[in-house]
Amino acid sequence: MDRINVTQSSMPSYEEYIEEIRDIWDSKWLTNMGKKHELLQKKLQDYLGVENVMLCVNGHSALEVALQSEELQGEIITTPFTFISTTNAIIRSGCTPVFCDVKPDTYTIDPDLIESLITERTVAIMAVHVYGLVCDVEKIAKIAEKYKLKVIYDAAHAFGVKYKGQGLASYGDISTFSFHATKVYNTIEGGAVCFNNASLKDKITKIRDFGIKDSENVDYVGPNAKMNEFCAAMGLCNLRHVDSEINKRKNVYLRYIKNLKDVKGIKLPILQDDVQMNYAYFPVIINENEYGINRDELCAILAKNNIFARKYFYPLTNQFECVLKYCEKGNTPVAEYITQRVITLPMYADLKLEFVDRICEMVKKYEKK
Ligand SMILES: *Cc1c(COP(=O)(O)O)cnc(C)c1O
């Protein structure tokens, strides 16, 4: 039986990529804001509907560059239900994560709990549009305004998602994306810092490049977070196809919903009002009492049948010892509930619908009769 992985990277044809990189051999310009890089930045500004897109070498460095540009020092209220990158970025920037619980329907930070966590040391909120589900951007904006906090969105999962017709990149002070091979849109490795505030542009441009101002001056203690031309070229190719890739994902997603909607004890992802989705993941919550077996058992059974689902996100980031050296665990019972029960089923544009059916048959087989 074919192996079905949780994801498979979107790629252009070999010929399309070769054509795209051909002129790199003429220019011999491999990195440092080359032609491909500049063009991709422009095209992404249009696609994402945001004034400034600063490409980065990966999504994690985009988060760190974003945090450094806001010169934050203190506590950042954030979610533990995310990839470790979000939490690591906060700690590596010298700030302290303060973990807030999430909502049981969207798994995003619960805005009604944020205020109780605000102290004199709070400087920002870092929320995650986890699985591409949209955070309560309006409520979060209100709290931020009231307490004068910065808002940074880790939008790593949310490429192409729109809320009320507007790209998510425009929400908060800064939003960051990941263009990693496993994401909806990829540049092999890559990421971006997005913002509308023009006054950040010069600063972020410098920070991304060691903090260098010119040949004799350095303004910031920055990392090297630049994207190279080969990655930008992959990005230009993949951008031509991303809408059709998202559409193919939608068919997979709808097939899952159709097949699994009546299975007892399995909670499917919700549809959000006013949201144009990107169908990045297909997370389901397994309630052992109703379904029959638990998440770990289901995951093991699927793996035995060559179906490699993943426990995204398990464990929570506030359960790692290396994280708890820097901060308190916080009280996040909803996130704990979800992390113990969630499984993300295989989801990618080229996943054949007959494979989706096969996965669903396997899932249904273990439903308590
Ligand atoms: C993938 C991811 C990142 C990191 O992006 P990279 O491009 O892999 O560095 C950050 N946050 C979340 C939520 C992610 O899923």
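It should be emphasised that the depicted structure is a prediction, and the values quoted were computed from it without experimental measurement. (Residues numbered from 1 in each chain as written. Predicted model: local features only at pLDDT ≥ 70, side-chain atom pairs only at ≥ 80, totals over all residues. Heavy atoms only, no water.)

### Remarks on unusual backbone geometry
Okay, step 1: Residue Phe313 is reached from Tyr312 by a cis peptide bond, and omega for that bond is 5°.
Okay, step 2: Locating Phe313 in the fold gives a position in the loop between α11 (295–304) and α12 (321–324).
Okay, step 3: Look at the link from Tyr314 to Pro315: it is a cis peptide, with omega at -5°.
Okay, step 4: The topology assignment puts Pro315 in the loop between α11 and α12.
Okay, step 5: Phi is positive for Lys28, which is not a glycine, with a value near 55°.
Okay, step 6: Positive phi, normally seen in glycine, also occurs at Tyr279, with a value near 55°.
Okay, step 7: Position of Tyr279 among the secondary structure elements: in the loop between β13 (275–276) and β14 (282–286). (Helix = DSSP H or I, 4+ residues; strand = E, 2+ residues; numbered from the N terminus.)

### Let's talk about the layout of surface pockets
Okay, step 1: Counted as a void, the largest pocket has a volume near 500 Å³.
Okay, step 2: Taken together, 31 residues form the lining of the largest pocket, with Phe83, His157, Thr182, Lys183 and Tyr281 sitting closest to its centre.
Okay, step 3: Elements supplying a minimum of two residues to the lining of the largest pocket: α4 (59–69), α5 (84–92), β8 (174–178) and β15 (342–345).
Okay, step 4: Roughly 260 Å³ of volume is contained in the second largest pocket.
Okay, step 5: For the second largest pocket, the lining is made up of 18 residues, of which Tyr47, Gly160, Asp243, Ile246 and Gln276 are closest to its centre.
Okay, step 6: Of all the secondary structure elements, the ones that give two or more residues to the lining of the second largest pocket are α3 (35–48) and α9 (229–260).
Okay, step 7: No other element matches the 4 residues that α9 contributes to the lining of the second largest pocket.
Okay, step 8: Of the residues in the lining of the second largest pocket, the class split is 10 nonpolar, 5 polar and 3 charged. (1 Å grid on protein atoms, 1.4 Å probe; cavity = no way out; pocket = protein on both sides within 12 Å on 5 of 7 lines; lining within 4 Å. Points joined across faces, edges and corners; volume = space filled by probe spheres on them. Nonpolar A, V, L, I, M, F, W, Y, C, P; charged D, E, K, R; others polar.)

### Overview of the side chain of Thr78
Okay, step 1: Here Thr78 shows up in strand β2 (residues 75–78).
Okay, step 2: Not counting chain neighbours up to four residues away, the residues in contact with Thr78 comprise Thr86, Ile90, Pro97, Val98, Phe99, Cys100, Ile109 and Met126. (Contact = heavy atoms within 4.5 Å.)

### Re the site of the ligand
Okay, step 1: Within the structure, the ligand sits among 14 residues, and Gly59, Asp154, His157, Ser178 and Lys183 are positioned closest to it.
Okay, step 2: Residue Asp154 places a side-chain N or O atom 2.7 Å away from a nitrogen atom belonging to the ligand.
Okay, step 3: His157 places a polar side-chain atom, nitrogen or oxygen, 2.7 Å from an oxygen atom of the ligand.
Okay, step 4: Computed on the free molecule, the ligand has an accessible area of 380 Å², of which 92% lies beneath the protein chains in the complex. (Near = heavy atom within 4 Å. Polar contact = N/O pair within 3.5 Å; in protein donor to acceptor, adjacent residues only side chain to side chain. Areas by Shrake-Rupley, 256 points an atom, 1.4 Å probe, with all protein chains shown as cover.)

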